[in-house]
Every structure is written in C-alpha cells, then in structure tokens.
Amino acid sequence: MENLLTNDIVKQKYANYEYLKENKINPYPSDIKKDIMAEELRKKYKSLGQEEISEKQYWVAGRMVALRGHGKTAFGHIEDFSGKIQFYGRKDELGEEFFEIFRKVDLGDFIAVKGNVFRTKTGEITIRMKEFKLVSKSIQPMPEKFHGVKDVELRYRRRYVDLIANSEVKDIFIKRSLIIQKIREFMSNRDFLEVETPMMHTIAGGAAARPFTTHHNTLDMDLYLRIAPELYLKRLLVGGFEKVYEINRNFRNEGISIKHNPEFTMMEVYQAYADYNDMMDLTEDIFNHIAIEVCGSEEIEYQGEKLSFKKPFARLTMVESIEKHANIKLDESMEQEDIFEIAKSNGIGSAEKSMSRGELINLIFEEKVEEKLIQPVFIYKYPVEISPLSKNNEKEPRYVDRFEIFAYGREMGNAFSELNDPFEQEKRFLEQISKRSDGDEEAHRMDKDYVLALQYGMPNAGGLGLGIDRMIMLFTDSSSIRDVILFPTLRPNKEEENKS
RNA sequence: GGAUCAUUAGCUCAGAUGGUAGAGCAACUGACUCUUAAUCAGUGGGUCGAAGGUUCGAUUCCUUCAUGGUCUACCA
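Everything numeric in this text was worked out from a predicted model, so none of it was measured.

*Asks:* So what's going on with the pairing of strand β3 (residues 83-90)? Residues and values would help.
*Replies:* Burial runs high along β3: 6 of the 8 residues are buried. Direction of pairing for strand β2 (residues 73-80) relative to β3: antiparallel, over a ladder of 8 bridges. Bridge pairing in β3 links G76 to F87. Hairpin remark: β2 followed by β3, antiparallel, with 2 residues in the connecting loop. Direction of pairing for β3 relative to strand β5 (residues 125-136): parallel, over a ladder of 3 bridges. Pairing of Y88 across the sheet is with R128, part of β5.

What follows is the structure in structure tokens.
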C-alpha cells in the first residue's frame, strides 16, 4: 500500500479515507441505491418555478466532479452516466458535524445525495442536500477539469481516466454501441440469423493475413486465433442455414496503424441463393440505414470531408476506376508483360516481373486509385489471382464476381459470390500453397475439411465482410481506430510495471 | 522495420545560445450563506522519460534506450 502513495495529493486523500473510517463512515459500502438519474431528474423538473421546491426527495448518486465552498454553504456537481446534477448544502440545515465529515470528501469521490429539488437564482435545477452517503472513496488525483486529459498515451492506457475527464469519449462509445445494435436490428429484420463460430482455429483461413498462435495444453496442440470466420460460416450454408451473420473479433498479427488494430471487429454475412450483386445492395442499405439512424442524415462529415451515403453509390470495375482516377487505360487484349510495363512506366517500383496479370492490375489500383476513392464507391470485377475464395465470372473467368466498398480512401468491406465448386476450390488452395512455399506468409492455407464440406454441396451464395471499427470511425468522425476501440493494443509500460 | 516529432508538478502547458525551473487548474491553510472554469489571501509540490558521454557545471548539447504520436513499409 505505502508504495502506492506516490504523491502529496494521494497521501492527502488517503488521510481523508483513514479519517472517515475512524469516524465509522464506511468508504466502500455495499448498500447504496439511487432513485433517479441526473438527466431524468432535470427533465422531470424542467418547468419548476424560481421559488418552488419539490415535495419529494430523491437520492442521486455519481462522481463528485466539482465543489464550490462558500463558508457556510456549498455547491457541487455530481456526474452520473446520464449527465451532471448540481447539489447545494447549507450548514444551518445540515449541522456542524455533517459539515466536518463532508470536508473529508474529495473531488472524484462517488457520493450519494438526498434532498428536495429546487431552482437556483441562476436557473439551474439543484438538489437541496438533506443527507449524503459516501459511495466510494477515490484517492487518485482527478485530471484537470477544464482541459481534460490530452496525453494520448494516458488516454489509451487508462481509458477510465479518459472517460472521467473527456465526456465526448463516452459519447463515441455510446454511439459505437448504438451502431452495432442498429446493424443487428437491421439484419434481424431481414431474417438473418446471428451465429457464433470458433475464434480458435486449427487452420487460420478465410483471409490473407498472419495469425496469432496459441497453445492448448490438454490437447497439446497449437491453435490460431482466427483471422476470419468465413470458412466456418460457409460450412453452415452446407449444413442448411441460408442467411447467417456474425459480428465478432478477428485477430491479425500485423502492423498497427491509424486504421489497424491487432484485434478488430468484423461482420460477415452469408446468404444462400444470392450473389455479389445482392451483397452490394445489402451493403448500400446498411450504410444508408446507419447514416440516417445514427447521424440523422444521408450526408455526414468525416475529417472535414462531406460524404454522401445516398443510394445508389457509384459502381466501377477495377479497370474502369484505374482509367478514371489514374488516367491509365487497360484493356482485355493486354497480357501480363504489357501491364507490367505500364506499371513500371507509371512509377510503381514495387511491380515485379514474377507477378501475375491480376496481381499487377490490383497493384496499380492500390497504388494509384484507392486513396482517391473519397465518396462511397463499389469497386468490382476483381482479378481471380487475388481472390481464392470467390467465384469466377461466367463470361470472363480471369475475373471473379467480387467487390470492395471504399470510402475516404479506405477499404470498408469486401464481398463476393462464394466459390462453391469443390474442385476449383481445391485448385485455388493449391495455388495459394505454392505461393506460401515461395515465401508469401500471408497466402491462404489449405483447408481440406472445407473442401470436403463443399463436396457435400453448398448452394450458390453471396458473402460480405464489413470492418465494423472503420465504419464506426466514419460515423463518429474519428481519425484513428484507437479512438473507437476502448482498450487498443499498446505495449506495456515497463516503468509502471516495475512500480507495482 | 525505416523516418520524424514528443516526453518538464496529479492534469493542461510555458521556459533557458549550458549556471539544477514557472503559470493555470487540482491539493493544503484561512475568509466568504445562490455558486457554476466561483472569488480573495497565503502554503506546499519536480531525479525536467531512463542510462551513459562532453563540460567546472547538463533538464538544455551528443549517443543509446523506453514509451507514445504522425508518416512510411507490412497489412488483398
């Protein structure tokens, strides 16, 4: 305990804690109840007149965030989850002894206050304190009340302090919850069933990414944290489910950035007897619906840029988007060598001779186009080489029936007509495996059981994956994914660890 | 992984071409019976991120390290 008393403020508050205990005030009681939330109370008495006082008394409770003493009276504010409420206490009503005890209550303590409701001269609805109880003693210093906490490291590491000090942070996470709730409601209304599939996989499949590894002791085997639920969800289509979705965490052992966190939330949707066009409509509907429901408008502002989620969103093939945004014309007569030369002559240094035609087209797209896709847009007709789980286009088998949706230059989602031909699927896996043996750590792994599942038959289906965190960034105007994840991944602070 | 910037009191921030540091809020003492970033008077609080080096002297200059931000790479 002693080593936690690191500074004078903590020592001082700890002394108050001891004083209260000695005076038979339990600093951490179990029996505190409250009658009403601050916001609700203010709403209820919003028409209360200047000299009026309520007959009824209420217990309100929350963190004491302000205290203004005036000799024989005091004003303060209690903050609960709904907002703040002012309280007012007078020595002539409460007595000497009460005031003596109340002096040992510190800013930051959770308290409960009981009293009638009245309106002050300045018009604020206020509780006139008749009784108070200590709810929970706080011995850590509170952050600065006016500027809040700005140190981002402190904000992410001790999110609770961030939440205490910066009310807009709380609002973002309330909005996050609302967005996810609205998505579930939307899916449910369309008869999609929410399911849960394993987070621990023996084969990390369904995406191109490096996985995290863990180990099961009793079975003595390595497991991977999933990089995508895709292959399990499609097994459900084999089993007879027709409309399923899952909203849950994926884990990818890769770089951290403003738009990447090692664990992130993804929604995947699968619908039998549908294709990628149906997924496009669904995606459009979801974004449009969330914009209206959560932001109250089809037009939102993100990082100073106006984004319109009015239907329909623009739709461009990958090749068209390259012509439109990079002014590079590709046509079907061009083969791998031609496209390689075009990439090189357009300054794409990472283009390599060993890349396939489709990989080169995709590279040009990523280098020259992606960042320019500010307004929501569907890019479709993806090269088959980079899409091992998608179905070939029937007319042009070099491409697959796949799209990605972009907004603000970022990939927000990915969807395709699901490849359900077990022979073609096995061939695609084998191609991926040869890429792995050539050193591509992100290439897909062979999943024999998945091929076996397809041999039982899977109806034609459309599948969609949406990056929920990135979507929430858009609708909360957050510049970093860390601002929409309560506890983003950080390195442990060694000094802090040594102290404890 | 690379580049770059940052790290000063509990919090938000100043500061010195190198002579061991200030403000506001918070804390403490006192005054004050309608305040709300309350006010007024006073007090305490710092290994200037860590370790080395240069120097008579380093928080300041140099090197390394730690943590974080941004960009970049990786990330379909």
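*Asks:* Account for the protein's contact with RNA strand B, naming residues and giving values.
*Replies:* For RNA strand B, the set of nearby residues contains 54 residues, the closest of which are T122, K145, E153, A208 and H260. Counting only the atoms of RNA strand B within 4 Å of the protein, the fraction contributed by sugar and phosphate is 56%. A distance of 2.9 Å separates a phosphate oxygen of RNA strand B from a polar backbone atom of D151. Of all the secondary structure elements, the ones that give two or more residues to the surface near RNA strand B are α1 (8-22), β1 (53-69), β2, β3, α5 (152-157) and β16 (399-407). For the surface near RNA strand B, a count of residues per class yields 14 nonpolar, 15 polar and 25 charged.

*Asks:* Describe the pattern of salt bridges, with residues and values.
*Replies:* In the structure shown here, the tally under the stated rule is 41 salt bridges. Among the ionic pairs, E442 bridges to R210, the shortest N-O distance being 3.3 Å. Of this pair, E442 sits in the loop between α13 (422-437) and α14 (448-455) while R210 sits in the loop between β7 (200-201) and β8 (213-216), and the two are 232 residues apart along the sequence. Among the residues examined, E442 registers a relative accessible area of 27% and is labelled partly exposed. When its relative accessible area of 32% is taken as the criterion, R210 is described as partly exposed. Here K234 ties to E418 by a salt bridge, and the two come within 2.5 Å at their closest N and O atoms. Remark: E418 occurs in the loop between β17 (410-417) and α13 and K234 occurs in helix α8 (residues 230-238); sequence separation between them is 184 residues. The exposure classification of K234 matches that of E418, with both residues buried. Several salt bridges share partner residues, and in doing so they unite R90, D92, E93, R128 and K130 into one network.

*Asks:* Tell me about empty space enclosed by the protein, and please be specific about residues and values.
*Replies:* Tallied over the entire structure, the rule returns 2 cavities of 30 Å³ or more. As a volume, the largest cavity reaches approximately 40 Å³. Around the largest cavity sit H201, I203, G205, A228, P229, E230, L231, Y232 and D447, which together line it. The greatest single-element share of the lining of the largest cavity, amounting to 3 residues, is contributed by α8. For the lining of the largest cavity, the class distribution of residues is 5 nonpolar, 2 polar and 2 charged. Reported here for the second largest cavity is a volume of approximately 30 Å³. If you go around the second largest cavity, the residues you meet are I203, G205, G206, L231, L389, F429, H444, R445 and D447. Of the residues assigned to the lining of the second largest cavity, the class counts are 4 nonpolar, 3 polar and 2 charged.

*Asks:* For a nonpolar patch on the surface, give the residues involved together with the corresponding values.
*Replies:* On the surface, a cluster of nonpolar side chains totalling about 260 Å² of accessible area is made up of L163, L486 and F487. With respect to the helices and strands, L486 occurs in the loop between α15 (468-476) and α16 (494-499).

*Asks:* If you had to explain α14 to someone new, which residues and values would you point to?
*Replies:* Turning to α14, its buried residues number three or more, namely Y450, V451, A453 and L454. Each buried residue of α14 sits inside an arc of 155° when the element is viewed along its axis, so together they form one side. Its buried side turned inward, α14 meets α8 and α13. The backbone nitrogen of D449 lies 3.3 Å from a side-chain oxygen of the residue at the head of α14, namely D447.

*Asks:* Please set out unusual backbone geometry residue by residue, giving values where relevant.
*Replies:* A cis amide bond, omega -10°, links K311 with the succeeding residue P312. Tracing the backbone through its elements, the reader meets P312 in the loop between β13 (305-308) and β14 (314-317). The backbone phi angle of K24 is positive, close to 65°, even though this residue is not glycine. Inspection of the secondary structure assignment puts K24 in the loop between α1 and α2 (38-44). A positive phi angle, near 55°, is found at Y273, a position not held by glycine. In this structure, Y273 sits in the loop between β11 (263-272) and α9 (276-295). For Y273, a relative accessible area of 56% translates into the label exposed.

*Asks:* Help me get a handle on the packing of aromatic side chains, residues and values and all.
*Replies:* This structure, assessed with the given rule, holds 18 aromatic pairs. Consider the rings of F87 and F102, whose centres lie 6.2 Å apart with planes at 80°: the pair is edge-to-face. Of the two residues, F87 is situated in strand β3 and F102 in helix α4 (residues 96-102); the sequence distance between them amounts to 15 residues. For the pair F87 and F102, one class covers both residues: buried.

About the cut-offs
- Residues numbered from 1 in each chain as written.
- Chains lettered and ligands numbered in written order.
- Predicted model: local features only at pLDDT ≥ 70, side-chain atom pairs only at ≥ 80, totals over all residues.
- Heavy atoms only, no water.
- Buried < 20%, exposed > 50% of the residue type's maximum accessible area, 1.4 Å probe, protein only.
- Helix = DSSP H or I, 4+ residues; strand = E, 2+ residues; numbered from the N terminus.
- Pairing = 2+ DSSP bridges.
- Near = heavy atom within 4 Å.
- Polar contact = N/O pair within 3.5 Å; in protein donor to acceptor, adjacent residues only side chain to side chain.
- Nonpolar A, V, L, I, M, F, W, Y, C, P; charged D, E, K, R; others polar.
- Salt bridge = Lys/Arg side-chain N within 4 Å of Asp/Glu carboxyl O.
- 1 Å grid on protein atoms, 1.4 Å probe; cavity = no way out; pocket = protein on both sides within 12 Å on 5 of 7 lines; lining within 4 Å.
- Points joined across faces, edges and corners; volume = space filled by probe spheres on them.
- Patch = residues over 30% accessible without salt bridge, like charges linked within 9 Å, V, L, I, M, F, W, Y side chains within 5 Å.
- Areas by Shrake-Rupley, 256 points an atom, 1.4 Å probe, with all protein chains shown as cover.
- Arc of directions from axis to C-beta.
- Contact = heavy atoms within 4.5 Å.
- Phe/Tyr/Trp six-rings, centres within 6.5 Å; stacked < 30°, edge-to-face > 60°.

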